[in-house]
Each structure stands twice: as C-alpha cells, then as structure tokens.
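Coordinate analysis (summary)
Here are the chains, one letter per residue:
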Amino acid sequence: MKYLIVPFLLAMTGCEVLYDANRDKIGEYCNSLNNFDDRNACRKRNQTSYQEYVQQRDQLKKGKSDK
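Scoring rules and cut-offs
- Residues numbered from 1 in each chain as written.
- Predicted model: local features only at pLDDT ≥ 70, side-chain atom pairs only at ≥ 80, totals over all residues.
- Heavy atoms only, no water.
- Helix = DSSP H or I, 4+ residues; strand = E, 2+ residues; numbered from the N terminus.
- Buried < 20%, exposed > 50% of the residue type's maximum accessible area, 1.4 Å probe, protein only.
- Areas by Shrake-Rupley, 256 points an atom, 1.4 Å probe, with all protein chains shown as cover.
- Phe/Tyr/Trp six-rings, centres within 6.5 Å; stacked < 30°, edge-to-face > 60°.
- Contact = heavy atoms within 4.5 Å.

- Per an unreviewed UniProt entry, the protein chain goes by Lipoprotein and derives from Janthinobacterium aestuarii.

Below is the structure:
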C-alpha cells in the first residue's frame, strides 16, 4: 500500500507545479500587452490558484452528477 501513496502524491504535486508554471507563462504574456485595460483583464483571468481551480472543478462535477 505504501508503494501506491508516493506515486499518488507525486502526481498530485506535479499537477500543481504544471498549473503554476502555466500561470507564470500566462502572466508573462499579460505583462507584455500594451493596452492597460487588456493587461488588467488578462491578469484578472489568471488569478485563480490551483486550490481554487480544484474546488471550482469539483463543484462543477458535483453539479453535473446531481442532474
């Protein structure tokens, strides 16, 4: 059983690392925009943390399963 826990934890951590890396790349793109309003809108769309994303995803899954 303990041999299953380590890969599971690594997989979960890996997802968060990839999510954060992608957020960083998107943040760089947002900062490169010249228009102030576009830059702020892009930053606002990119604010969701991995934990918030997981909570929103789980709520959507739960909502679909209730129907």
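**Regarding the overall build of the protein chain**
- A tally of regular secondary structure across the protein chain gives three helices and zero strands.
- Looking at the protein chain as a whole, 12% of its 67 residues are labelled buried.
- Split by element, the accessible area of the protein chain, about 6,000 Å² in all, is 58% carbon and sulfur.

**Concerning the packing of aromatic side chains**
- Enumeration according to the criterion identifies three aromatic pairs in this entry.
- Where tyrosine 50 meets tyrosine 53, the ring centres are 6.1 Å apart and the plane angle is 40 degrees; that geometry is what we call tilted. Here tyrosine 53 and tyrosine 50 lie together in helix α3 (residues 50–66), a separation of three residues that amounts to about one turn.
- By relative accessible area, tyrosine 50 is classed as buried at 11%.
- Of the residues examined, tyrosine 53 reaches a relative accessible area of 33% and is grouped as partly exposed.
- Here the aromatic residues Tyr19, Tyr50 and Tyr53 are joined through ring pairs into a cluster of three or more.

**Points about the side chain of asparagine 46**
- Relative to the elements of secondary structure, asparagine 46 occurs in the loop between α2 (36–45) and α3.
- Discounting residues that sit within four places of it in the chain, asparagine 46 has contacts with Arg23, Ile26 and Gly27.

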